[in-house]
Amino acid sequence: MRSIAIINQKGGVGKTTTAVNLAAALAEAGNRVWLIDLDPQAHASLHLGFGMEEDYLSMYDVLTDDASLNEVRHRVEDNLWISPAHIDLAAAEMELAGAVGREIILRDKMQDVSDEFDYIIFDCPPSLSVLTLNALTTANEIFLPLQPHFLALHGLSKLLKTIDLVARRLNPALKLSNVVYCLYDRGTRLANEVINDVEFFLTDQRNAGSVWSDAVSFDTRIRRNIRLAEAPSYGQSIFQYASDSNGAQDYRSLAMEVMQQTNDVATAFNNDSVEARFEVPNTSTRHSIAMEVISGE
């Protein structure tokens, strides 16, 4: 079983879209997938038809009360389950302020769940909060959705430091495994330059011994697609709403890459094959600035 936290503290980069539609694509391929919504905005829940006005147990009840994860898990389609969020989650941070072990509540609750899923995916809020920490202490790996714009690189250094801190103190199994490029415009020079910068950084860190040393970027690029933006308003995944759209094609392709990793992790993370795929960009002034942003120098 792979447990994956999808996080980025910057909003609007395709985080929830990726969490929902990757989960749906994996389920469509026959995997048993459980999506856990930890974002107080509950966008992943809305995306799959759970309205915030409804009276239902949510992840708020799991984190602040005695509700079990089994009580808040709902089947939404074949092979796909969701544990929804609720606006009440916004208050969880204050309610848990004095709680001992507040960062590992979810991990402790997960011990009571049988290992019956192929993938567990956590949709995290766009902030480094106690909710995000609960996901990071529970998951084994992180997928980082990144919009290939220069400003999207800001904050990446802080995020990497947070991941490293959690791995050292709370979850030694945690690692940043993959970057997903979202809202991709193939025709723009900026997008390709930013991607080259990130690839250069990941290659440069290959032997650094950090929690992101084995991280690679997926070959699949999630193209900007209006159908992906429309699907949540119908409470449907992209496969229910527009199964033949570019968005559906991209997330099916991404799911295939994820499953290939699952089937052959050793090959997927082989340093030689990863390095052969990366094209090191020419040094430029703009590139140097981007590297400083990523590394936090």
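Computed from a prediction, not measured in an experiment: that's the story for all the values here.

Asks: I tried to follow the packing of aromatic side chains on my own but got confused; where do I start?
Replies: The relation between two aromatic rings is expressed through the spacing of the ring centres and the mutual angle of the planes. Under the criterion given, the structure shown has five aromatic pairs. An angle of 75° between the planes, with centres 5.7 Å apart, marks the rings of Phe50 and Tyr56 as edge-to-face. Per residue, the accessibility class of Phe50 equals that of Tyr56, and both read buried. Grouped by ring-pair contacts, the aromatic residues Trp34, Trp81 and Phe117 constitute a single cluster. Arg32 extends its terminal NZ or CZ atom over the ring of Phe117, reaching a point 5.7 Å from the ring centre. The side chain of Arg73 reaches across the aromatic face of Trp34, ending 4.8 Å from its centre.

Asks: What should I look at first to understand the environment of Arg73 in this one?
Replies: Residue placement: Arg73 occurs in the loop between helix H3 (59-64) and strand S3 (74-77). Note on Arg73: relative accessible area 18%, which makes it buried. Along the backbone, Arg73 and Trp34 are 39 residues apart, and their C-alpha atoms lie at a distance of 8.2 Å. Setting aside anything within four residues of it in sequence, one finds Arg73 in contact with Trp34, Trp81, Ile82, Ser83, Val113, Glu116 and Phe117. At 3.1 Å, the side chain of Arg73 and the side chain of Asn70 are in polar contact.

Asks: So what exactly am I meant to see when it comes to the sheet that holds strand S6 (residues 141-146) here?
Replies: Strands in a sheet are paired, the pairing made by backbone hydrogen bonds, and the direction either parallel or antiparallel. One open sheet holds the eight strands; their spatial order is S3-S4-S2-S5-S1-S6-S7-S8, and the pairing between them is mixed. Two strands in the sheet have a free side with no partner beyond their single neighbour: S3 and strand S8 (216-223). For this sheet, the mean angle separating the axes of adjacent strands, direction not counted, is 25°. Both strand S2 (residues 33-37) and strand S5 (residues 119-123) contribute to a ladder of five bridges, which runs parallel. Pairing of Val33 across the sheet is with Tyr119, part of S5. Its contacts with the sheet place helix H6 (residues 130-138) against strand S1 (2-6), S5 and S6, and it is angled at close to 155° to S1.

Asks: Any chance you could explain the packing of helix H1 (residues 15-28) against helix H11 (residues 246-263) here in plain terms?
Replies: Helix-helix packing is characterised by the crossing angle of the two axes and by the distance between the axes. At a closest axis distance of 9 Å, the pairing of H1 and H11 adopts a crossing angle of 70°. By the criterion of interaxial angle, the relationship of H1 to H11 is roughly perpendicular. Here H1 and H11 pass one another in a crossing that is right-handed. For the pair H1 and H11, contact is made by Thr17, Thr18, Asn21, Leu22, Ala25, Leu26 and Glu28 and by Tyr251, Arg252, Leu254, Ala255, Val258 and Met259, respectively. When the residues that make up the contact of H1 with H11 are grouped by side-chain class, the tally is eight nonpolar, three polar and two charged.

Asks: What exactly am I supposed to notice about the nonpolar core here?
Replies: What tends to happen in soluble globular proteins is that the nonpolar side chains get buried as a cluster. By size, the foremost hydrophobic cluster in this structure holds 56 residues, and its most contacted members are Ala5, Trp34, Met59 and Phe122. If we skip the residues at most four places from it in the chain, Trp34 touches Leu69, Arg73, Trp81, Ile82, Ser83, Met110, Val113, Phe117, Tyr119, Ile120 and Ile121. Ala27, Leu35, Ala44 and Ala248 belong to the second largest nonpolar core, which has 35 residues in total.

Asks: Can you help me understand the pattern of salt bridges in this one?
Replies: Proximity of charged atoms lets side chains of opposite charge pair with each other. Applying the stated criterion across every chain, the model contains twelve salt bridges. Here Arg189 makes a salt bridge to Glu193, at a shortest N to O gap of 2.9 Å. Note that Arg189 and Glu193 are positioned in helix H8 (residues 189-204) at a spacing of four residues, about one turn of the helix. Residue Arg189 is classed as exposed on the basis of its relative accessible area of 66%. With relative accessibility at 23%, the residue Glu193 sits in the partly exposed group.

Cut-offs and rules
Residues numbered from 1 in each chain as written. Predicted model: local features only at pLDDT ≥ 70, side-chain atom pairs only at ≥ 80, totals over all residues. Heavy atoms only, no water. Phe/Tyr/Trp six-rings, centres within 6.5 Å; stacked < 30°, edge-to-face > 60°. Buried < 20%, exposed > 50% of the residue type's maximum accessible area, 1.4 Å probe, protein only. Lys NZ or Arg CZ within 6 Å of the ring centre and 35° of its normal. Helix = DSSP H or I, 4+ residues; strand = E, 2+ residues; numbered from the N terminus. Contact = heavy atoms within 4.5 Å. Polar contact = N/O pair within 3.5 Å; in protein donor to acceptor, adjacent residues only side chain to side chain. Pairing = 2+ DSSP bridges. Axes fitted to C-alpha atoms, helices over the stretch in contact; angles between N-to-C directions. Parallel < 35°, antiparallel > 145°, perpendicular 65-115°, else oblique. Left-handed = near helix turned anticlockwise from the far one by under 90°. Nonpolar A, V, L, I, M, F, W, Y, C, P; charged D, E, K, R; others polar. Core = buried A, V, L, I, M, F, W, Y, C linked by side-chain atoms within 4.5 Å. Salt bridge = Lys/Arg side-chain N within 4 Å of Asp/Glu carboxyl O.

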